[in-house]
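Summary of the model geometry
Read off the chains here:
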Amino acid sequence: QVQLVESGGGLVQAGGSLRLSCAASGRPFSSLAMGWFRQAPGKERAFVAAINRSGGSTYAVDSVKGRFTISRDNAKNTVYLQMNSLKPEDTAVYYCAAAMAYGLRWNSLRSYDYWGQGTQVTVSS
């Protein structure tokens, strides 16, 4: 069993920055591929970014490329999402997710086995 705990959400003005963190426990962190998803009110949960086990490969949805950066520190069992140039449309609950399988579809919710409780990000205009 893997436990994921997100932190770092909050209220920020448009153009501002936030860094989300997700601390993992329960399995060797380097055995897990990690992803971030978000869910806005009235919308389905959607892929934001993902990172492979070594941190050498990252993936992101087009709408956040150039603004958001996913990274991980395997020594600290933590994955991060640095969010810059935030826009009101980035407002959502952000979820951390962990996947055990290899060869997964990075942007599919079904690829991920474990989920955090979510952290709220609100961007005011």
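As shown above, the structure is provided for reference.
In this report, the structure presented in the accompanying data block is examined. (Residues numbered from 1 in each chain as written. Predicted model: local features only at pLDDT ≥ 70, side-chain atom pairs only at ≥ 80, totals over all residues. Heavy atoms only, no water.)

**Quick look at the overall build of the chain**
Of regular secondary structure, the chain possesses zero helices and eleven strands. The linear arrangement of helices and strands in the chain, starting from the amino end, is β-β-β-β-β-β-β-β-β-β-β. In the chain, the proportion of contacts linking residues at least 24 apart, taken out of those at least 6 apart, comes to 59%. As presented, the chain carries roughly 6,300 Å² of accessible surface, and 47% of it is formed by carbon and sulfur atoms. Each charge class in the chain was averaged separately, 13 positive and 7 negative side chains, and the resulting centres sit 3 Å apart. (Helix = DSSP H or I, 4+ residues; strand = E, 2+ residues; numbered from the N terminus. Contact = heavy atoms within 4.5 Å. Areas by Shrake-Rupley, 256 points an atom, 1.4 Å probe, with all protein chains shown as cover. Lys, Arg positive; Asp, Glu negative; His and termini not counted. Charge placed at Lys NZ, Arg CZ, Asp CG, Glu CD.)

**Quick notes on the pairing of strand β4 (residues 33–39)**
Sheet faces and side chains relate simply in a regular strand, where the side chains alternate between the two faces. Of all seven residues that make up β4, six are buried, and the element is covered over most of its length. Connecting the antiparallel pair β4 and strand β5 (residues 46–51) is a turn made up of six residues, with G42 showing a positive phi of about 80°. (Buried < 20%, exposed > 50% of the residue type's maximum accessible area, 1.4 Å probe, protein only. Pairing = 2+ DSSP bridges.)

**Thoughts on the nonpolar core**
Formed by 28 residues in total, the largest nonpolar core has its most connected members in L4, M34, W36, V79, L81, M83 and Y94. Taken together, the elements giving at least two residues each to this core come down to β3 (18–25), β4, β5, β7 (68–73), β8 (78–83), β9 (92–99) and β11 (119–124). Setting aside chain neighbours within four positions, we find V79 in contact with L20, S21, C22, F29, M34, W36, I51, I70, S71, R72 and C96. One finds A33, F47, A50 and A97 within the second-largest nonpolar core, a separate group that totals nine residues. (Core = buried A, V, L, I, M, F, W, Y, C linked by side-chain atoms within 4.5 Å.)

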